[in-house]
Amino acid sequence: MIDPFGRAITYLRVSVTDRCDFRCVYCMAEDMTFLPKADLLTLEELERVCAAFIGLGVRKIRLTGGEPLVRKNVMSLVQGLAGYLGNGGLDELTLTTNASQLAKYADELARLGVKRINVSLDTLDADKFRALTRWGDLAQVMRGIDAAQQAGLHVKINAVALKGVNDAEFDDLIRWSHGRGMDLTLIEVMPMGEIGSATRLDQYLPLSMARADLAKRWTLTDLDDTTGGPARYVRVEETGGRLGFITPLTHNFCEACNRVRLTCTGTLYMCLGQEDAADLRAPLRQSESDGPLVDAIHAAIGRKPKGHDFVIDRRHKRPAVPRHMSVTGG
């Protein structure tokens, strides 16, 4: 699959649910209304769509949410997709999780062939963690990370940079994550979805400023490494670990975008920061043949835009994109 700008689409992110057991303040409102379960694709339908994408050249699939591990029987989907690893055409199957359920599933994920996972964790302070997630328990998350590492999974920590909230903790996050052999990636807050009384302008911290501040205390060496995502990496010479920066606002990552996003309802978003989408549920259900589904996928890839329209400033008081991150799957 080649988009109109010559980019090969080899990476599919699949939101298996919009539900989550946290209510992170930058992601969703506390009183979220989630989709009716009847609107969701079945796990078998999700696997069928993923199989069609694999047949069209997708080499990496990431399961996301919401929180993917809260969907009932989600491991049956992992097992089904794991069958495509290797000679089945899929190079990697991975997921992004808040780790709340990871202690329960880490061993099975590793057994099925998952090698790497991303864990979203913005602070090492238990009280601040509870405030940021509204419902989360840091000790439970740490047990999940412990279980993942004990199972042999490579863990990368993702931390959303929040001005005046966790910006004084980046040094501690570097020491902790690198001390456990985990990469750390800092992410700029993205203007998606209404989140209640807080504003994205209040939360937004340009990572160009964060990097300049970190460089006063750490030796940061630019790397050409890539994990197939949008992060740009440096090596922290004092720890030997990798530090990534995902900067959709200060430096967008669109020029090499190789990914599309499927929601749990069968909607395909060709760009995280655009509203154009394609309905794959209708062609999926209209025929036992994958012909209509494949045609719809090709048509969608033909509309993939050059880049997103994210912006945060005082003139744009509403989110650049009205849907929440939990709907699209990150």
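Parameters and conventions
- Residues numbered from 1 in each chain as written.
- Predicted model: local features only at pLDDT ≥ 70, side-chain atom pairs only at ≥ 80, totals over all residues.
- Heavy atoms only, no water.
- Axes fitted to C-alpha atoms, helices over the stretch in contact; angles between N-to-C directions.
- Helix = DSSP H or I, 4+ residues; strand = E, 2+ residues; numbered from the N terminus.
- Parallel < 35°, antiparallel > 145°, perpendicular 65-115°, else oblique.
- Left-handed = near helix turned anticlockwise from the far one by under 90°.
- Contact = heavy atoms within 4.5 Å.
- Nonpolar A, V, L, I, M, F, W, Y, C, P; charged D, E, K, R; others polar.
- Buried < 20%, exposed > 50% of the residue type's maximum accessible area, 1.4 Å probe, protein only.
- Pairing = 2+ DSSP bridges.
- Right-handed = clockwise from strand over helix to strand, strands pointing away.

Caption draft 1: View of the packing of helix H3 (residues 102-112) against helix H5 (residues 138-150). Taken N-terminus to C-terminus, the directions of H3 and H5 make an angle of 15°; their axes are 8 Å apart at the nearest point. What the angle tells us is that H3 and H5 run roughly parallel. As H3 packs across H5, the resulting crossing turns out to be right-handed. Residue-level inspection shows Leu102, Ala103 and Ala106 of H3 in contact with H5, the latter providing Arg143, Gly144, Ile145, Ala147 and Ala148. Grouping the amino acids of the contact of H3 with H5 by side-chain chemistry returns 6 nonpolar, 1 polar and 1 charged.

Caption draft 2: Molecular detail of the pairing of strand E1 (residues 11-15). With 5 of its 5 residues buried, E1 lies for the most part within the structure. Side chains of E1 alternate between two faces, with Tyr11, Arg13 and Ser15 and Leu12 and Val14 buried alike. Pairing between E1 and strand E2 (residues 60-64): 5 bridges, direction parallel. If you follow Arg13 over to E2, its bridge partner there is Arg62. Considered for its hand, the β-α-β crossover made up of E1, helix H1 (residues 43-55) and E2 is right-handed. Of the strand pairs in this sheet, E1 and strand E10 (residues 259-262) are connected by 4 bridges, and their pairing is parallel. Paired with Leu12 across the two strands is Val260, which belongs to E10.

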